[in-house]
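Analysis of the macromolecular model
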Amino acid sequence: MLLKWIAAMTVLTVVACSPATTAAPPAPPAQAQLLAEPGAHDRRLDVVVSEFRDALEPAHGKLDVVAYRLPASATWNEVAGHYQTGLSSWQPEPALPAHIRAADARAWKRPGAVIAIAVIETPVPGEQLDYKILAVATKRNSAGS
């Protein structure tokens, strides 16, 4: 009986201490549309991607970033709240500042995974923008490296 108990505790300890696999982020807000076409927004998006990588890759490894178009009426608080609800069991990742050069941002972590979001609200100078951009970064799993 003691051996069965020890074996069970060993399995539970290994499972509890094993790093979590890279988790998919919560689905983007319902009004978000994948941003696939190039445009003036690329310059702002490049700045956000660079800030994600500078802040998070040293501790978490390579990131994948996906961008979405949000309606101009979308707010940072709505988007951040959507992700906070979906990631409520995760810890905040303070390595990413709340305000980066081109956007408001937030990141969450758990062992083996990180998810970061940023909302770009301002257009590139001289350009018109009737939408906002949501950038979502996730830790790249080892198979995708």
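Here's a quick rundown of the structure. (Residues numbered from 1 in each chain as written. Predicted model: local features only at pLDDT ≥ 70, side-chain atom pairs only at ≥ 80, totals over all residues. Heavy atoms only, no water.)

Right, let's talk about helix α3 (residues 76-86) for a bit. Of the residues making up α3, those classed as buried are Trp76, Val79, Ala80 and Tyr83. Buried residues of α3, seen end-on, are gathered within an arc of 95° and therefore sit on one face of the element. Opposite its buried face, α3 presents the exposed residues Asn77 and Thr85, each directed more than 90 degrees away. (Buried < 20%, exposed > 50% of the residue type's maximum accessible area, 1.4 Å probe, protein only. Helix = DSSP H or I, 4+ residues; strand = E, 2+ residues; numbered from the N terminus. Arc of directions from axis to C-beta.)

Residues Val48, Phe52, Leu56 and Leu96 are the most contacted members of the largest nonpolar core, which totals 23 residues. When residues of this core are traced back to their parent elements, those giving at least two are α2 (41-60), β2 (63-71), β5 (103-110), β6 (113-120) and β7 (131-139). Of all the elements, α2 adds the most residues to this core, at six residues. Apart from residues lying up to four places away in sequence, Leu96 is in contact with Glu51, Phe52, Ala55, Leu56, Ala105, Arg106, Ala107, Ala116 and Ile117. Core analysis: the second largest hydrophobic core is formed by 17 residues, Ala32, Trp90, Ile115 and Val119 among them. (Core = buried A, V, L, I, M, F, W, Y, C linked by side-chain atoms within 4.5 Å. Contact = heavy atoms within 4.5 Å.)

Taken as a whole, this structure holds zero aromatic pairs when the rule is applied. Lying over the aromatic face of Tyr131, Arg69 brings its terminal NZ or CZ to 3.8 Å of the ring centre. (Phe/Tyr/Trp six-rings, centres within 6.5 Å; stacked < 30°, edge-to-face > 60°. Lys NZ or Arg CZ within 6 Å of the ring centre and 35° of its normal.)

Here we come to the pattern of salt bridges. Summed over all chains, the structure comprises five salt bridges. Across the pair Arg69 and Glu37 runs a salt bridge, and its minimum N-O distance is 2.2 Å. Placement of the pair is Arg69 in strand β2 and Glu37 in the loop between β1 (33-34) and α2, with a sequence separation of 32 residues. Among the residues examined, Arg69 registers a relative accessible area of 24% and is labelled partly exposed. One salt bridge connects Glu51 with Arg101, and the closest N-O pair in it is separated by 2.7 Å. Of this pair, Glu51 sits in helix α2 while Arg101 sits in the loop between β4 (99-100) and β5, placing them 50 residues apart in sequence. (Salt bridge = Lys/Arg side-chain N within 4 Å of Asp/Glu carboxyl O.)

As a further point, take the environment of Asp104. With respect to the helices, strands and loops of the structure, Asp104 is situated in strand β5. With 14 residues separating them along the chain, Asp104 and Ala118 place their C-alpha atoms 5.5 Å apart. Not counting residues up to four positions away in its chain, the partners in contact with Asp104 are Trp76, Ala98, His99, Ile117, Ala118, Val119 and Glu121. Among the polar contacts made by the side chain of Asp104, one reaches the side chain of His99 at a distance of 2.5 Å. (Polar contact = N/O pair within 3.5 Å; in protein donor to acceptor, adjacent residues only side chain to side chain.)

Let's shift gears to the pairing of β7. Of all nine residues in β7, eight are buried, a share of seventy percent or more. Relative to β7, β2 runs antiparallel, the two sharing nine bridges. Considered in β7, the bridge of Asp64 is made with Thr138. Pairing of β6 with β7, which is carried by six bridges, proceeds in the antiparallel orientation. By the bridge assignment, Ile120 is partnered in β7 with Ile133. (Pairing = 2+ DSSP bridges.)

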